[in-house]
Amino acid sequence: MRRIGVLTSGGDAPGMNAAIRAVTRTAIRKGMEVIGFVGGYDGLIDRDTMVLDIRTVGGILQHGGTILKTARSERFKTAEGVEQAVQTLDFFGVDALVVIGGDGSFRGAKELSRRGIMVIGIPGTIDNDMGYTDYTIGFDTAVNTVIDAIGKIKDTAIAHNKITIIEVMGRHCGDIALYSGLTGGAEYIMLPEMEMDLEGLYEKINAGIERHKHHCLIIKAEGVPISNAELAAYIEEKTGQTPREVVLGFLQRGGSPSARDRLLASKMGSYAVELIEQETGSRAIGISGRELTAMDLDEVTDIKREADLELLHLMYSLS
Ligand code: F6P
């Protein structure tokens, strides 16, 4: 193996740069060349490249976003797009491709793998929604960003005795809500993996009021099937109080990666090159406990992530 391609795809996640750096520096130190494709799979289709060497990946470890840019490519979903991508890899003499991204990006990677290209997937998404790995790169930073926001919102909620709905990202996965709700000291969490229990929410608010606690922070994952306005109307009808609504949005995707995310990205990026050196065939890198794992790329996208109910119970016993 002499030349490795790298791209980032899907929603950006803090730590993607750390992974690009680790892939590049490990590969170069093993005598390989690295070529970056700009803008996810679109970069493969358009032959938009960036030279990656020891220096170009200098000074990026601490930055969110991705120096390779990213996109959710619609063109790559077509047979023509995949064919163009395969031709590009052939044109540049790329022996193996590293794809840093989430579930959708891995599905794209599988298409290339089926065409005989060795692809290594590194899980990069703030959502932590990939069932085959304990953690994805970017999740820890996003949770830290959210608990910082929760702390600030809590100050003013306590000062004004306010019920506040805080909507966090995560698509169909409630992990950002669960981890940030527990570690941020929220009163209630709403996860897409759980059945909605509005009566239970009202009881929780009421139990607080009976203990002379007049604020209540509700962390609602974006995948929960009720709008913030509907939820606010329900709370208003039951309590007579108009809740505040805060949608944290894209600030959860940016920022300097946490030490945990930099570590995870560095380990996974370096491991990707080792797998390429060993010519293992296409793999998805994950982490289980302290061990990195390398599963067959074909198998991982169907593994569903379950919510950690123990964490949920802990959260309620402590709130
Ligand atoms: O997958 C990361 C994520 O931020 C999700 O949490 C969110 O649902 C989605 O991306 C937003 O996507 P887009 O960037 O396409 O608006």
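Keep in mind it's a predicted model, so treat the numbers as computed, not measured.

What counts and what doesn't
Residues numbered from 1 in each chain as written. Predicted model: local features only at pLDDT ≥ 70, side-chain atom pairs only at ≥ 80, totals over all residues. Heavy atoms only, no water. Helix = DSSP H or I, 4+ residues; strand = E, 2+ residues; numbered from the N terminus. Rg over C-alpha atoms; globule rule 2.2 N^0.38 Å. Buried < 20%, exposed > 50% of the residue type's maximum accessible area, 1.4 Å probe, protein only. Contact = heavy atoms within 4.5 Å. Areas by Shrake-Rupley, 256 points an atom, 1.4 Å probe, with all protein chains shown as cover. Lys, Arg positive; Asp, Glu negative; His and termini not counted. Charge placed at Lys NZ, Arg CZ, Asp CG, Glu CD. Phe/Tyr/Trp six-rings, centres within 6.5 Å; stacked < 30°, edge-to-face > 60°. Domains from an automatic or database assignment. Buried area = accessible area lost by both parts, 1.4 Å probe. Salt bridge = Lys/Arg side-chain N within 4 Å of Asp/Glu carboxyl O. Polar contact = N/O pair within 3.5 Å; in protein donor to acceptor, adjacent residues only side chain to side chain. Nonpolar A, V, L, I, M, F, W, Y, C, P; charged D, E, K, R; others polar. Pairing = 2+ DSSP bridges. Axes fitted to C-alpha atoms, helices over the stretch in contact; angles between N-to-C directions. Near = heavy atom within 4 Å. 1 Å grid on protein atoms, 1.4 Å probe; cavity = no way out; pocket = protein on both sides within 12 Å on 5 of 7 lines; lining within 4 Å. Sits in = over half its atoms within 2 Å of the grid points.

**A look at the overall build of the chain**
Then comes step 1: Looking only at helices and strands, one finds 11 helices and 11 strands in the chain.
Then comes step 2: By the compact-globule yardstick of 20 Å for 319 residues, the chain fits well, its C-alpha radius of gyration being 22 Å.
Then comes step 3: Dimensions of the chain, computed from C-alpha atoms along their principal axes, come out at roughly 70 × 35 × 30 Å.
Then comes step 4: Here the chain, with 319 residues, has 52% of them falling under the buried criterion.
Then comes step 5: A separation of at least 24 residues holds for 76% of the contacts in the chain among residues at least 6 apart in sequence.
Then comes step 6: Carbon and sulfur atoms provide 49% of the accessible area of the chain, an area that totals close to 13,900 Å².
Then comes step 7: Side chains of the chain give 34 positive and 45 negative charges; the mean places of these two sets differ by 6 Å.

**A closer look at the environment of Ile276**
Then comes step 1: Looking at the element boundaries, Ile276 is found in helix α9 (residues 259–277).
Then comes step 2: For the pair Ile276 and Arg2, spaced 274 residues apart in sequence, the C-alpha separation works out to 9.7 Å.

**A look at the packing of aromatic side chains**
Then comes step 1: Evaluated as defined, the whole model comprises 8 aromatic pairs.
Then comes step 2: Plain terms: the ring middles of Tyr135 and Phe139 are 6.2 Å apart, the flat faces sit at 25 degrees to each other, and that makes the pair stacked.
Then comes step 3: The buried category is assigned to Phe139, whose relative accessible area is 3%.
Then comes step 4: For the ring pair Tyr135 and Tyr179, a centre distance of 6.4 Å and an interplane angle of 80 degrees mean the geometry is edge-to-face. Taken together, the positions of Tyr135 in the loop between β5 (118–123) and α5 (139–160) and Tyr179 in helix α6 (residues 175–184) put the pair 44 residues apart, joining distant regions of the chain.

**Looking at the domain arrangement of the chain**
Then comes step 1: Split into domains, the chain comes out as domain 1 (3–138 + 257–300) and domain 2 (140–253).
Then comes step 2: Centre-to-centre, using C-alpha coordinates, domain 1 lies 34 Å away from domain 2.
Then comes step 3: Between domain 1 and domain 2 lies a buried interface of about 1,200 Å² when both sides are counted; carbon and sulfur atoms form 45% of it.
Then comes step 4: Counting the surface domain 1 buries against domain 2, the share from its top three residues, Asp12, Ile126 and Asp127, is 41%.
Then comes step 5: Linking domain 1 with domain 2 are 2 salt bridges.
Then comes step 6: Between Asp127 and Arg171 there is a salt bridge, with the nearest N and O atoms lying 3.9 Å from each other.
Then comes step 7: Applying the counting rule to domain 1 against domain 2 returns 9 residue pairs in polar contact (both at pLDDT 80 or more).
Then comes step 8: Residues that form the side of domain 1 that touches domain 2 fall into these classes: 4 nonpolar, 4 polar and 6 charged.

**As for the sheet that holds strand β10 (residues 283–288)**
Then comes step 1: Reading across the sheet, the 7 strands line up as β3-β2-β1-β4-β5-β10-β11 and stay open at both edges, with mixed pairing between neighbours. The open sheet has two free edges, formed respectively by β3 (49–52) and β11 (291–296), since each of these has just one partner strand. This sheet shows a mean twist of 25 degrees between the axes of neighbouring strands, independent of strand direction.
Then comes step 2: The pairing of strand β1 (residues 3–8) with strand β2 (residues 33–37) spans 4 bridges and is classified as parallel. Residue Val6 lies in a different strand from β2, and its bridge partner there is Gly36.

**Some remarks on the pairing of strand β4 (residues 96–101)**
Then comes step 1: The buried fraction of β4 amounts to 6 of the 6 residues, a majority that puts the element mostly inside the structure.
Then comes step 2: Burial along β4 is two-sided: the residues Ala96, Val98 and Ile100 and Leu97, Val99 and Gly101 are all buried.
Then comes step 3: Taken together, the 5 bridges between β1 and β4 define a ladder with parallel strand orientation. Along β4, the bridge assignment pairs Val6 with Val98.
Then comes step 4: Of the pairings in the sheet, the one linking β4 to β5 comprises 6 bridges and is parallel in character.

**As for the site of the ligand**
Then comes step 1: The environment of the ligand is made up of Arg72, Thr125, Ile126, Asp127, Met169, Gly170, Arg171, Glu222, Phe250 and Arg253.
Then comes step 2: Note that an oxygen atom of the ligand is positioned 3.1 Å from one of the backbone N or O atoms of Gly170.
Then comes step 3: Take Glu222: an N or O atom from its side chain is 2.5 Å from an oxygen atom of the ligand.
Then comes step 4: Protein chains bury 74% of the 390 Å² of accessible surface belonging to the ligand in isolation.
Then comes step 5: Taken atom by atom, the bulk of the ligand overlaps the largest pocket.
Then comes step 6: Here the residues of the shell around the ligand sort into 3 nonpolar, 2 polar and 5 charged.

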